[in-house]
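Listed here are the chains, written in short residue letters.
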Amino acid sequence: MTEINFQTARFLTSAPSLRECPPETGAEVAFAGRSNAGKSSAINRLTQSSKLARTSKTPGRTQLINYFALDEDAQQRLVDLPGYGYAKVPLATKKKWQAHLSEYLRERQSLSGLVLLMDIRHPMQEFDSMMINWAVEAEMRVHILLTKADKLKRGATKNTLLQVQKTMKEANVADLVSAQTFSSLKGDGVKELQAVLSGWLALQDSPDLTEAT
Ligand SMILES: Nc1nc2c(ncn2[C@@H]2O[C@H](COP(=O)(O)OP(=O)(O)OP(=O)(O)O)[C@@H](O)[C@H]2O)c(=O)[nH]1
Ligand SMILES: [Mg+2]
């Protein structure tokens, strides 16, 4: 298993729609979540680069699907998906994007897992539950990042995590869905996230071995 160096991440390409994404070889992990949840910030913190993925105070900043490569051959990728639920986007556009997202979760061969980001102060909103349902239906792993943990006190942070984990257990999806707290501002939770992503990206690292038995 080759070790993943997140710091070597580089911008690969932007796609205006999921149909125009790079070839489905290797492995990728997608970052999804409501607008302003902190997707771009988390990618920057993860890769220790301040401006790899653009961040903004204006929700809906990321409108394109941005691909970042972690290795030289771009066979390990991070994907920054546009935020959903952005109020100013017309309903028809939202619906279209939702359909695309569920299709992406079902069809994308190279997708190893989904990082689903939620502001820890507003976890498990309607869209978040929808994403989890789509992912589970597609047998896709999900790792929930409760972001902006620096905004809450430690006790409240812990309680929110326990609550989310309990909800997943009760929904019988805890085998596919894990969760952790995270702060892009403070850097809390980076190691934990890196460990999860390394595991996911390595799973499809040597496809030549899968047929070898
Ligand atoms: N306090 C705090 N603020 C954060 C954190 N992560 C992100 N933010 C702020 O939240 C805002 C949105 O962050 P982005 O990373 O741009 O969010 P995004 O999910 O990529 O948003 P879209 O691209 O619009 O979907 C910015 O003002 C960030 O500085 C965090 O861990 N702590
Ligand atoms: Mg963004």
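Everything here concerns the structure above.
Residues numbered from 1 in each chain as written. Chains lettered and ligands numbered in written order. Predicted model: local features only at pLDDT ≥ 70, side-chain atom pairs only at ≥ 80, totals over all residues. Heavy atoms only, no water.

### A few points about the overall build of the protein
- Helix and strand counts for the protein stand at five helices and seven strands.
- Start at the N end of the protein and walk to the C end: the helices and strands fall as β-β-α-β-β-α-β-α-β-α-β-α.
- Expressed as a percentage of its 213 residues, the buried residues of the protein come to 47%.
- If you take every contact in the protein between residues at least 6 apart in sequence, the share linking residues at least 24 apart comes to 74%. (Helix = DSSP H or I, 4+ residues; strand = E, 2+ residues; numbered from the N terminus. Buried < 20%, exposed > 50% of the residue type's maximum accessible area, 1.4 Å probe, protein only. Contact = heavy atoms within 4.5 Å.)

### Some words on the side chain of Ser198
- Here Ser198 is to be found in helix H5 (residues 190–203).
- Ser198 sits in the buried class, given a relative accessible area of 16%.

### Things to note about the environment of Phe31
- Along the chain, the position of Phe31 falls in strand S2 (residues 27–33).
- Judged by its relative accessible area of 0%, Phe31 falls in the buried class.
- The sequence separation of Phe31 and Val115 amounts to 84 residues, and the corresponding C-alpha distance is 4.8 Å.
- With residues near it in sequence (within four places) discarded, Phe31 still touches Lys39, Ile43, Leu46, Leu78, Val79, Asp80, Leu81, Val115, Leu117 and Leu197.

### Here's the deal with the environment of Trp97
- Tracing the backbone through its elements, the reader meets Trp97 in helix H2 (residues 91–107).
- For Trp97, a relative accessible area of 16% gives the class buried.
- Sequence spacing of Trp97 and Ser17 is 80 residues, and the spatial spacing of their C-alpha atoms is 8.9 Å.
- Look past the residues within four positions of Trp97 in its chain and what remains in contact with it is Leu18, Ile65, Leu81, Pro82, Gly83 and Tyr84.

### Focus on the sheet that holds strand S7 (residues 177–181)
- Within the open sheet, the seven strands sit side by side as S1-S3-S4-S2-S5-S6-S7. Their pairing is mixed. In this open sheet, the two edge strands, each paired with only one partner strand, are strand S1 (10–15) and S7. Here the average twist between neighbouring strands, direction ignored, is 25 degrees.
- Contacts from helix H4 (residues 154–170) reach strand S6 (142–147) and S7, with the element oriented near 175 degrees to S7. (Pairing = 2+ DSSP bridges. Axes fitted to C-alpha atoms, helices over the stretch in contact; angles between N-to-C directions.)

### Concerning the nonpolar core
- Counting 35 residues, the largest nonpolar core has Ile65, Leu81, Met131 and Ile144 as its most contacted members.
- Every element with two or more residues in this core is listed here: S2, strand S3 (65–69), H2, strand S5 (111–119), helix H3 (126–137), S6, H4 and S7.
- Met131 has contacts with Ala32, Tyr84, Leu101, Leu105, Leu114 and Leu116, leaving out every residue within four places of it along the chain.
- Val29, Phe68, Leu78 and Leu197 belong to the second largest nonpolar core, which has 24 residues in total. (Core = buried A, V, L, I, M, F, W, Y, C linked by side-chain atoms within 4.5 Å.)

### Thoughts on the pairing of S6
- The element S6 is extensively covered by neighbouring structure, given that six of its six residues are classed as buried.
- Residue alternation in S6 divides its side chains into two sets, Val142, Ile144 and Leu146 and His143, Leu145 and Thr147, and both sets are buried.
- By the bridge criterion, six bridges tie S5 to S6 in an arrangement that is parallel. Bridge pairing links Met118 to Leu146 in S6.

### A word on H3
- With 12 residues, H3 extends 17 Å from end C-alpha to end C-alpha; this agrees with the ideal 16 Å at 1.5 Å per step.
- Along H3, the residues that are buried comprise Phe127, Asp128, Met131, Ile132, Trp134 and Ala135. Angular distribution of buried residues about the axis of H3 spans 165 degrees; they occupy a single face of the element. When the buried face of H3 is taken as reference, the exposed residues oriented beyond 90 degrees from it are Glu126 and Glu137.
- Residues of H3 that are buried make contact with S2, H2, S5, S6, H4 and S7.
- Two residues or fewer after H3 comes Glu139, characterised by a positive phi angle close to 55 degrees. (Expected span 1.5 Å × (residues − 1). Arc of directions from axis to C-beta.)

### What about unusual backbone geometry?
- Positive phi outside glycine occurs at Asn36, with the angle close to 80 degrees.
- Of note, Asn36 is situated in the loop between S2 and helix H1 (39–47).
- Residue Asn36 is classed as partly exposed on the basis of its relative accessible area of 38%.
- Although it is not a glycine, Glu139 adopts a positive phi angle of roughly 55 degrees.
- Its place among the elements puts Glu139 in the loop between H3 and S6.
- Overall, Glu139 belongs to the exposed group, its relative accessible area being 66%.

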